[in-house]
Amino acid sequence: MAGLSDLELRRELQALGFQPGPITDTTRDVYRNKLRRLRGEARLRDEERLREEARPREEAQPRGEERLREEARLREDAPLRARPAAASPRAEPWLSQPASGSAYATPGAYGDIRPSAASWFCQAKQKAALLELLHELYNFLAIQAGNFECGNPENLKSKCIPVMEAQEYIANVTSSSSAKFEAALTWILSSNKDVGIWLKGEDQSELVTTVDKVVCLESARPRMGVGCRLSRALLTAVTNVLIFFWCLAFLWGLLILLKYRWRKLEEEEQAMYEMVKKIIDVVQDHYVDWEQDMERYPYVGILHVRDSLIPPQSRRRMKRVWDRAVEFLASNESRIQTESHRVAGEDMLVWRWTKPSSFSDSER
């Protein structure tokens, strides 16, 4: 059957009384399955017809023998039937009028059973037709969704197939009416099972509760070919590898940045300690010069010390180091006191070297 061309497939279906729709890549497998079912049904009908034709021939001989036995029995019972009826009247139990509640009394008892059996048979047929319709609908939506995911060769606007298009397809494949199609949608809405079919309305974010609000149908499990699955798996693997390497490169760059920051902080701290040493030397030398009458004041301006230690072109770059050194001296160096004096008519912060006393207060 796989070797049939589209024209041969159409002729086979028409010969079995089915009018197919357009045969495309997405519907060819469906029509092949339909042809397989139609052939099976035709084969069953032929076998049933042959059995019906053979049954009269098989029953002819047993019926002749039964007729002969019946005639012999009637000849034996003829003298008994000639006796008067009133000679020994006897009511046979199986000839008496049956009781009103007997299940074997009248055909009415069977009349109560036949409708329930017929109803059960009709329900079974309806359920089978509904399941077949849902099966065809599921396959159609799964194939369409798979095609959309795999390059969209049919230029579909969305995986969500319009209701009318799905209904036309089901009518062509199963010859079902619109009422059966609506009944299948109603069953999907009322069922709590996951049948793999989503019913969506105008606003696809809202839940659809009635059939008249259904705009399109979408498969929850797209059916894709082996090539498409392999290409998508390969693409996913490559994407995951790229994401992994991007994350790894980001973490590596972050680690390099942190190491650079730590190194800069260490260098800045070392530069601050070097600046503190230079400031202590300058203030102490100034105090020694004042003791030797080489300086006019025993204190020296803070900005004057900065200008003498840091060249003009480096003052902006060394500002943070200088500020940390000044803060360190104010909180950790007791030999240098910070004072405010008026120098050249302006208030200025100065440093004064405090000479340690030779004797403590206890010795005094």
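Small disclaimer: the values here were computed from a predicted structure and weren't measured.

Participant: Mind showing me how you'd approach the pattern of salt bridges here?
Facilitator: Where charged atoms of side chains with opposite charge meet at close range, the side chains can pair. For the coordinates displayed, the defined rule picks out 20 salt bridges. Two residues, Glu149 and Lys159, come together in a salt bridge whose shortest N-O distance is 2.9 Å. With Glu149 in helix α3 (residues 107-149) and Lys159 in the loop between α3 and β1 (161-162), the pair connects residues that are 10 residues apart, well separated along the chain. One salt bridge connects Glu268 with Arg320, and the closest N-O pair in it is separated by 2.4 Å. Here Glu268 is found in helix α6 (residues 226-291), whereas its partner Arg320 is found in helix α8 (residues 319-332), with 52 residues between them in sequence. Residue Arg320 is classed as partly exposed on the basis of its relative accessible area of 48%. Here the salt bridges do not stand alone but share partners, grouping Glu149, Lys159, Lys200, Glu218 and Arg232 into one network.

Participant: For this particular structure, what's the right way to read the nonpolar core?
Facilitator: In globular proteins that are soluble, nonpolar side chains generally tend to be buried together. Among the nonpolar cores identified, the biggest contains 30 residues, and Leu13, Tyr31, Leu137, Leu141, Phe181, Leu199 and Leu217 are the most heavily contacted of them. Breaking this core down by element, the ones donating at least two residues are α1 (6-15), α2 (28-82), α3, α4 (163-174), α5 (178-190) and β2 (197-200). Ranked by residues supplied to this core, first place goes to α3 with 6 residues. With sequence-adjacent residues up to four places away left out, Phe181 is seen in contact with Leu133, Leu137, Val163, Ala166, Gln167, Ile170 and Leu217.

Participant: Explain the state of the cysteines to me, please; I cannot follow it from the model alone.
Facilitator: By definition, a disulfide links two cysteine residues through a covalent bond between their sulfur atoms. Scanning the model with the defined rule gives 2 disulfides in all. The partner cysteine of Cys150 in its disulfide is Cys228, sulfur to sulfur 1.7 Å. Taking the sign of the torsion about the S-S bond as the criterion, the disulfide between Cys150 and Cys228, at about -90°, is left-handed. Within this pair, whereas Cys150 is found in the loop between α3 and β1, its partner Cys228 is found in helix α6, the two being separated by 78 residues in sequence. The exposure class assigned to Cys150 is partly exposed, which follows from its relative accessible area of 25%. What pairs with Cys160 in a disulfide is Cys216, and their sulfur atoms sit 1.8 Å apart. Since a negative S-S torsion denotes a left-handed disulfide, the Cys160-Cys216 link at about 90° is right-handed. Of this pair, Cys160 sits in the loop between α3 and β1 while Cys216 is found in strand β3 (residues 216-219), placing the two residues 56 residues apart along the sequence.

Participant: Looking at this model, I keep getting lost on the confidence of the model for the protein chain. Mind explaining?
Facilitator: Taken as a whole, the protein chain shows an average pLDDT of 80; of its residues, 80% reach a score of 70 or greater. For residues 79-115, every residue scores under 50 in pLDDT, and the model assigns this stretch 5 contacts once sequence neighbours within four places are set aside. With pLDDT under 50 throughout, residues 359-364 is counted as low confidence; its partners more than four residues away or in other chains account for 3 contacts.

Participant: Looking at this structure, how should I read α8?
Facilitator: Along an α-helix, a turn takes 3.6 residues, which lines up residues three or four apart on a common side. Between the first and last C-alpha of α8 there are 20 Å, a value that for 14 residues agrees with the 20 Å anticipated at 1.5 Å per step. Turning to α8, its buried residues are Val321, Trp322, Ala325 and Leu329. Projection of α8 onto a plane perpendicular to its axis shows the buried side chains occupying an angular sector of 100°, all on one side. Turned more than 90 degrees away from the buried face of α8, the exposed residues are Lys319, Glu327, Ala330 and Ser331. In this fold, the buried residues of α8 make contact with α6, α7 (302-309), β5 (336-343) and β6 (346-353).

Participant: It is not clear to me how the sheet that holds β2 should be interpreted in this structure. Could you clarify?
Facilitator: The strands making up a sheet associate through hydrogen bonds between their backbones, and the pairing can be parallel or antiparallel. As summarised here, the arrangement of the 3 strands in space is β1-β3-β2, forming an open sheet in which the pairing is antiparallel. Pairing within the sheet leaves two strands with one partner each, and these edge strands are β1 and β2. Bridge count for β1 against β3 is 2 bridges, and the pairing is antiparallel. Paired with Pro162 across the bridge in β3 is Cys216.

Participant: It is not clear to me how α6 should be interpreted in this structure. Could you clarify?
Facilitator: Between its terminal C-alpha atoms α6 stretches 97 Å, which fits the 98 Å expected from 66 residues at 1.5 Å a residue. Every buried residue belonging to α6 is among Cys228, Glu268, Met272, Met275, Val276, Ile279, Ile280, Val283, His286 and Tyr287, and all of these are buried. At its buried positions, α6 is contacted by β4 (299-301), α7, α8, β5 and β6. Once α6 ends, the next one or two residues include Asp293, with phi positive near 60°.

Participant: Help me understand the pairing of β6, please; the structure alone is not making it clear to me.
Facilitator: Two faces belong to every sheet, and in a regular strand the side chains alternate between them. As judged from the 3 bridges shared by β4 and β6, these two strands associate in the antiparallel manner. When the bridges of β6 are listed, Tyr299 appears paired with Arg352. Both β5 and β6 contribute to a ladder of 8 bridges, which runs antiparallel. Bridged to Gln337 within β6 is Arg352. Between the end of β5 and the start of β6, which pair antiparallel, lie 2 residues, with Ala344 showing a positive phi angle near 55°.

Cut-offs applied
- Residues numbered from 1 in each chain as written.
- Predicted model: local features only at pLDDT ≥ 70, side-chain atom pairs only at ≥ 80, totals over all residues.
- Heavy atoms only, no water.
- Salt bridge = Lys/Arg side-chain N within 4 Å of Asp/Glu carboxyl O.
- Helix = DSSP H or I, 4+ residues; strand = E, 2+ residues; numbered from the N terminus.
- Buried < 20%, exposed > 50% of the residue type's maximum accessible area, 1.4 Å probe, protein only.
- Core = buried A, V, L, I, M, F, W, Y, C linked by side-chain atoms within 4.5 Å.
- Contact = heavy atoms within 4.5 Å.
- Disulfide = S-S within 2.5 Å.
- pLDDT = per-residue confidence, 0-100.
- Expected span 1.5 Å × (residues − 1).
- Arc of directions from axis to C-beta.
- Pairing = 2+ DSSP bridges.

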